[in-house]
Amino acid sequence: MSFELKLARRYFRTRRKSLVRFTSFIAIVGIAAGVASLIIAQAIAKGFSDEMRNKVLKNTSHITIFNESNTNFSNPQIIVQKIEEIENVQNIEPTTYESAVISFNENSGYGVLRVKEFPAKEQRSKEEPKEETKNQRPKTKDQISLGKELAEKLKLKIGDEAEIITLENEETPNNSKVIVKDIFETGLYEYDSTWIFVDERNYLKLKNLQKFSPKIFSVSVKDIYKANETAEKIRNILGQDFKVLDWQEANKPLFAALSLEKKAAFAVILLIIFIASLNITTTLSLLVNERKTDIAILRTCGAKTKNLVAIFLFEGIILSLIGIISGVIIGLLVCFLGNYFKIISLSKEVYSLSYIPFRVDFSSVLLVIGLTFLLCLLAIIYPVLKASKIKPLEIFRMQ
């Protein structure tokens, strides 16, 4: 170990004047609080962004295809065959969305009727269907699947009979009796409070149609981050008469807003860390003033400028590392406890999500450590230069 580092450790451990001890403590606490806050803020932002993206991708198509005129496709099989030949395409599902009103007893609500196969069993509600009798819930009635929030709003349970109103030929109301077959939960409030799923067979019965003509094709891809490339290939195959929208383009405003929020929080807290690191400047300036005699003696004994610079540089680095390491430990501990106790609960009507997890990205943690250390080094420069310019003769003359 070099003598500069030994002296820096000795100065750090030696009893200091009360003001130097106080400023050292404030510097460490300020840096630790800033680092912990930045780690927590980044974990919350990443958790919210990841939850939104995962739930959106899980419950909506990666690529959506529809006519510019929003009309039904007359030859869906040909389109399906063309798209299935594209390399990244995993599945293509013809579907239709349309507005509907669903009512049960005296309760009613707006819904979006979507042609879709019923959710898998693991996604269904745990409620058991009521026992059916010959006088109620006849098997000939159409079956639907409801979002959990919509079902709770209407007080519907699996097996209940509801009334659904759609528009026949977009003009004439069509009133039908339906049976609730499933209750599903996506985790996004706007989906769970409006979506009504019906499979193709029940949709045809509901609308009194002989043949299903979709308005939309929902395409799932193998690699979601190549969805834009796949969408471009679909555009080239289908031509200009079709609108092709990938998930990144469809949700661009949402993810842009989340990204901006994350960057803004990062910049603000980093500024706070810089202000906290200025306490190191105060601490080292006071320490240099306290150790003027030691510096003069070292100079007399042959210590060079670079030796003095190294001593107080190591002193500042020790203070910085204690603050940074403490901040990292506190930040990671808060994230762990936050996930364990689920402390961030939100109003799902406002934020779509009822809970935000803390998602720690260790590359972000390393970035926080690196930038904080750099800011601390900048704060160390002034007192270090001040120590290097002390003249021993002037110090001895003042003694």
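Basis of the calculations
Residues numbered from 1 in each chain as written. Predicted model: local features only at pLDDT ≥ 70, side-chain atom pairs only at ≥ 80, totals over all residues. Heavy atoms only, no water. Helix = DSSP H or I, 4+ residues; strand = E, 2+ residues; numbered from the N terminus. Buried < 20%, exposed > 50% of the residue type's maximum accessible area, 1.4 Å probe, protein only. Contact = heavy atoms within 4.5 Å. Areas by Shrake-Rupley, 256 points an atom, 1.4 Å probe, with all protein chains shown as cover. Pairing = 2+ DSSP bridges. Axes fitted to C-alpha atoms, helices over the stretch in contact; angles between N-to-C directions. Left-handed = near helix turned anticlockwise from the far one by under 90°. Nonpolar A, V, L, I, M, F, W, Y, C, P; charged D, E, K, R; others polar. Core = buried A, V, L, I, M, F, W, Y, C linked by side-chain atoms within 4.5 Å. Arc of directions from axis to C-beta. Patch = residues over 30% accessible without salt bridge, like charges linked within 9 Å, V, L, I, M, F, W, Y side chains within 5 Å. Salt bridge = Lys/Arg side-chain N within 4 Å of Asp/Glu carboxyl O.

Asks: Hey, could you go over the overall build of the protein for me, with residue numbers and the actual values?
Replies: The secondary structure content of the protein amounts to 14 helices and ten strands. Within the protein, the proportion of its 399 residues that are buried is 45%. For the protein, the share of sequence-separated contacts (at least 6 apart) that also reach a separation of at least 24 residues comes to 80%. Element-wise, carbon and sulfur atoms account for 56% of the exposed surface of the protein, whose accessible area totals about 22,000 Å².

Asks: Go over unusual backbone geometry with me, naming the residues and quoting the values.
Replies: The phi dihedral of Asn-105 is positive, around 55°, even though this residue is not glycine. Backbone geometry places Ser-352, a non-glycine residue, at a positive phi of 75°. Following the sequence through the fold, Ser-352 ends up in the loop between helix H12 (348–351) and helix H13 (362–388).

Asks: Before we move on, could you go through the pairing of strand S4 (residues 107–115) and cite the residues and values that matter?
Replies: A regular strand places its side chains so that they alternate between the two faces of the sheet. Pairing analysis gives eight bridges linking strand S3 (residues 97–104) to S4, with the strands arranged antiparallel. Note that in S4 the partner of Ser-103 across the bridge is Ser-108. Across four bridges, the pairing between S4 and strand S8 (residues 195–198) is parallel. By the bridge assignment, Arg-114 is partnered in S8 with Phe-197.

Asks: Explain the sheet that holds strand S9 (residues 216–221) to me, using residue names and the numbers behind them.
Replies: Spatial strand order, S2-S9-S1-S10: four strands in an open sheet with antiparallel pairing. Two strands lie at the open edges of the sheet, namely strand S2 (89–95) and strand S10 (242–246), each paired on one side alone. Shown here is a sheet whose adjacent strand axes are inclined to one another by a mean of 20°, direction ignored. Pairing analysis gives five bridges linking strand S1 (residues 63–67) to S10, with the strands arranged antiparallel. Among the inter-strand pairings, Thr-64 is bridged to a residue of S10, identified as Leu-245. Across the sheet, helix H7 (residues 227–238) lies against S1, S2, S9 and S10, angled at about 175° from S10, the strand it touches most.

Asks: Could you give an account of the packing of helix H2 (residues 18–59) against helix H11 (residues 305–341), with specific residues and numbers?
Replies: Running from N to C, H2 and H11 cross one another at 35°; their axes reach a closest spacing of 7 Å. Judged by the twist between their axes, the crossing of H2 over H11 is right-handed. Of the residues in the contact of H2 with H11, the class split is 16 nonpolar, six polar and no charged.

Asks: I'd love a proper account of the nonpolar core, names of residues and values included.
Replies: Residues Val-35, Ile-63, Ile-65, Ile-83, Val-219, Ile-234 and Phe-312 are the most contacted members of the largest nonpolar core, which totals 72 residues. A total of twelve residues in this core trace back to one element, the largest contributor, which is H2. Excluding anything up to four places from it in sequence, Ile-83 contacts Ile-65, Val-89, Ile-92, Val-219, Ile-234 and Leu-238. Counting residues in each nonpolar core, the second largest holds 23 residues, with Ile-164, Ile-183, Ile-196 and Val-198 among its members.

Asks: A description of helix H10 (residues 292–300) should follow, citing residues and the corresponding values.
Replies: For H10, the full list of buried residues reads Ile-295, Ala-296 and Leu-298. On an axial view of H10, the arc spanned by its buried residues comes to 160°, and they lie on one face. At the exit of H10 stands Gly-302, carrying a positive phi of roughly 105°.

Asks: Hey, could you go over a nonpolar patch on the surface for me, with residue numbers and the actual values?
Replies: Among the surface-exposed residues, Leu-333, Phe-336, Leu-337, Tyr-340, Phe-341 and Ile-343 lie close enough to one another that they form a single nonpolar patch of about 690 Å² accessible area. Residue position: Phe-341 is located in helix H11.

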